[in-house]
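Spelled out, the chains give:
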Amino acid sequence: MPDPQVQLELTRQLECWGLPWGPLPGEDYFETISLLTSLSRWSRSGAERDFVLMEAGSSIGFWSLKAAKAFRQLASGRSRSCRVILIDSDCPKRKMVEHLSENHIYDLCNISLFQENATASLVDGLIQEYGQIDMLHMDIQGGELELLKESKHLLNVLNVHIGTHGFHDELREEFLRHGFALDFDFIPHRFVRTAYGPVYFVDGILAGHQQSNWSEGVRKSMEAS
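Description of the structure in this document. Just so you know, the residues in each chain are numbered from 1, in the order the chain's sequence is written. Given that this is a predicted model, residues contribute local features only at a pLDDT of at least 70 and side-chain atom pairs are listed and counted only at 80 or more, while totals for whole chains, interfaces and linings are drawn from all residues. With hydrogens and water set aside, each side-chain value is computed from the structure's full complement of heavy atoms.

### Quick notes on the side chain of D134
For step 1, the next point in the chain: Each helix is a run of H or I in the DSSP string that is no shorter than four residues. Each strand is a run of E no shorter than two, and both are numbered from the N terminus. Along the chain, the position of D134 falls in the loop between helix 5 (120-130) and strand 4 (135-138).
For step 2, the next point in the chain: Note on exposure labels: buried denotes an accessible area under 20% of the residue type's maximum, exposed denotes more than 50%, and partly exposed covers the range between, all computed with a 1.4 Å probe on protein chains only. Of the residues examined, D134 reaches a relative accessible area of 1% and is grouped as buried.
For step 3, the next point in the chain: In this structure the side chain of D134 is engaged in a polar contact, spanning 2.9 Å, whose partner is the backbone nitrogen of V52. Definition of a polar contact: a pair of N or O atoms within 3.5 Å, with one able to donate and the other able to accept a hydrogen when the atoms are protein atoms, and with sequence-neighbouring residues admitted only if both atoms are side-chain atoms.

Next up, the structure:
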C-alpha cells in the first residue's frame with residue numbers, strides 16, 4: 001500500500017504533466033469525481049446562470065484551478081461564465097494570485113479571494129450574495145462540523161464535498177440534516193474496495209447533492225432555526 005501523502009503528490013504531479021493515466025485512485029480521485037459531477041449536473045440542468053464553485057480551505061486553489069479548466073472544456077461555445085470563490089486563512093493572498101495567474105485562471109473565470117477563516121457566517125453571506133452555489137469543496141482541517149452546525153443556507157448549495165477529519169459520523173448527520181443525498185461516504189483510516197479501485201482513506205470523505213424534493217416549508221424552517 002503506497003503512503004497516502006506520496007500517492008497524493010504523485011496524483012497531482014501526473015495531472016500537472018497532463019499524463020492520460022492520472023489521477024491515481026485515491027482521495028483526490030473522488031474529489032475530482034465530485035467536481036466533474038457538479039459541472040455535469042449544472043450543464044444538464046440547462047441553467048441560464050453562471051457556474052459557481054466555493055473552495056473553503058483553498059490554499060493556492062488547486063481545486064479552483066481544476067474547476068475553471070474543466071468548466072471551459074465543458075461550456076465551450078456557451079455564453080455563461082464561471083465564478084470561483086477561494087477562502088483560506090493561512091495562505092497569503094499574494095501566493096493565491098500568483099498561482100492562479102501562472103495558470104491563466106483569470107482568463108477563464110471570475111475570481112474572488114478571501115484570506116480569512118471559513119466560518120458559517122462568511123459562507124452563508126456568500127451563498128446569499130450568489131444565490132446558489134453549484135459546488136462547495138470544504139477542507140478546513142476540523143472546522144467542517146462547526147460550519148455545518150451553524151450554517152443556515154446550505155439548502156442553496158447543490159453539491160458538496162468535505163474532508164471529515166475524525167468527525168465522520170457527526171458530519172454525516174449534519175450532512176443529511178441539510179438535505180444532502182450521499183454520493184460518497186468513506187470512513188477515515190480504512191482500506192476500501194471502491195467501484196473505482198482499492199483506496200486507503202486517511203481523512204475520510206463525504207460528498208453528495210441537494211435533494212430536489214425538499215419543500216419550501218422545510219427550507220424556511222431550517223433558515224429560521
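Here the narrative resumes, following the displayed structure.
### Topic: the packing of aromatic side chains
Given two aromatic rings, their pairing is described by the distance between the two centres and the angle made by the two planes.
For step 1, the next point in the chain: Aromatic rings from Phe, Tyr and Trp, taking only the six-membered ring of Trp, are treated as a pair when their centres fall within 6.5 Å; an angle between ring planes under 30 degrees marks them as stacked, one over 60 as edge-to-face, and anything in between as tilted. Inspection of every chain in the model, using the stated rule, returns 11 aromatic pairs.
For step 2, the next point in the chain: Centroid distance F30 to F184: 5.0 Å. Interplanar angle 85°. Geometry classified as edge-to-face. Of this pair, F30 sits in helix 2 (residues 27-45) while F184 sits in strand 6 (residues 180-186), placing them 154 residues apart in sequence.
For step 3, the next point in the chain: A relative accessible area of 11% places F184 in the buried class.
For step 4, the next point in the chain: Both rings, one in F175 and one in F180, keep their centres 5.1 Å apart while their planes meet at 35°; by these two values the pair is tilted. With respect to burial, F175 and F180 carry one shared label: buried.
For step 5, the next point in the chain: Site record: aromatic cluster; members linked through ring pairs are Y29, F30, F184, F186 and F201.

### A word on unusual backbone geometry
For step 1, the next point in the chain: In this structure, S59 is a non-glycine residue whose phi angle is positive, near 55°.
For step 2, the next point in the chain: Here S59 lies in the loop between strand 1 (51-56) and helix 3 (62-74).
For step 3, the next point in the chain: Classification of S59 as partly exposed rests on a relative accessible area of 37%.
For step 4, the next point in the chain: Of note in this structure, H165 is not a glycine but carries a positive phi near 50°.
For step 5, the next point in the chain: Here H165 is to be found in the loop between strand 5 (159-163) and helix 7 (168-177).
For step 6, the next point in the chain: Exposure remark for H165: the relative accessible area of 18% places this residue in the buried category.

### What to know about the nonpolar core
For step 1, the next point in the chain: In these notes, a set of buried Ala, Val, Leu, Ile, Met, Phe, Trp, Tyr and Cys residues joined through side-chain atoms within 4.5 Å is what counts as a nonpolar core. Ranked by internal contacts, the top residues of the largest apolar core, which has 26 residues, are M54, M138, L147 and I162.
For step 2, the next point in the chain: Broken down by secondary-structure element, the contributors of at least two residues to this core are strand 1, strand 2 (82-87), helix 5, strand 4, helix 6 (144-150), strand 5 and helix 7.
For step 3, the next point in the chain: If one sorts the elements of this core by residue count, helix 5 sits on top with 5 residues.
For step 4, the next point in the chain: Grouped together as the second largest cluster of nonpolar side chains are 25 residues, L39, F62, A70 and V84 included.

### Structural notes on the state of the cysteines
For step 1, the next point in the chain: Note on terminology: disulfide denotes any pair of cysteine sulfur atoms within 2.5 Å. For the structure shown, the criterion picks out 1 disulfide.
For step 2, the next point in the chain: One disulfide bridge connects C82 with C109, the sulfur atoms lying 1.4 Å from each other. Between C82 and C109, the S-S torsion sits near -70°, and that sign places the bridge as left-handed. Separated by 27 residues along the polypeptide, C82 in strand 2 and C109 in the loop between helix 4 (93-102) and strand 3 (110-114) bring together distant segments of the chain.
For step 3, the next point in the chain: For C82, a relative accessible area of 1% translates into the label buried.

### Concerning the pairing of strand 1
For step 1, the next point in the chain: The buried fraction of strand 1 amounts to 6 of the 6 residues, a majority that puts the element mostly inside the structure.
For step 2, the next point in the chain: The alternating pattern of strand 1 places F51, L53 and E55 on one face and V52, M54 and A56 on the opposite face, and all of these are buried.
For step 3, the next point in the chain: Pairing between strands is defined by DSSP: at least two bridges between the two strands are required. As judged from the 6 bridges shared by strand 1 and strand 2, these two strands associate in the parallel manner. Along strand 2, the bridge assignment pairs V52 with R83.

### What about the packing of helix 2 against helix 3?
The geometry of a pair of packed helices is captured by two quantities: the angle between their axes and the separation between those axes.
For step 1, the next point in the chain: Here helix 2 crosses helix 3 at 40°, and the two axes come no closer than 10 Å. Taken together, the axis directions place helix 2 and helix 3 in an arrangement best described as oblique. Where helix 2 crosses over helix 3, the two elements pack in a sense that is right-handed. Seen from helix 2, the contacting residues are D28, E31, T32, L35, L36, L39, S40, W42 and S43; seen from helix 3, they are F62, W63, K66, A67, A70, F71 and L74.
For step 2, the next point in the chain: Each residue gets one of three labels, nonpolar for Ala, Val, Leu, Ile, Met, Phe, Trp, Tyr, Cys and Pro, charged for Asp, Glu, Lys and Arg, and polar for the others, Gly among them. Counted by class, the contact of helix 2 with helix 3 contains 10 nonpolar, 3 polar and 3 charged residues. Think of each axis as a best-fit line through the C-alpha atoms, taken over the contacting stretch in the case of a helix, with angles from 0 to 180 degrees between the N-to-C directions. Any angle between 65 and 115 degrees counts as roughly perpendicular, while under 35 counts as roughly parallel, over 145 as roughly antiparallel, and the rest as oblique. By convention, the crossing between two helices is left-handed when the near helix turns anticlockwise from the far helix through less than a right angle, and right-handed when the turn is clockwise. Contacts are assigned to residue pairs with any non-hydrogen atoms lying within 4.5 Å of each other.

Distances and angles like these do not, on their own, reveal function.
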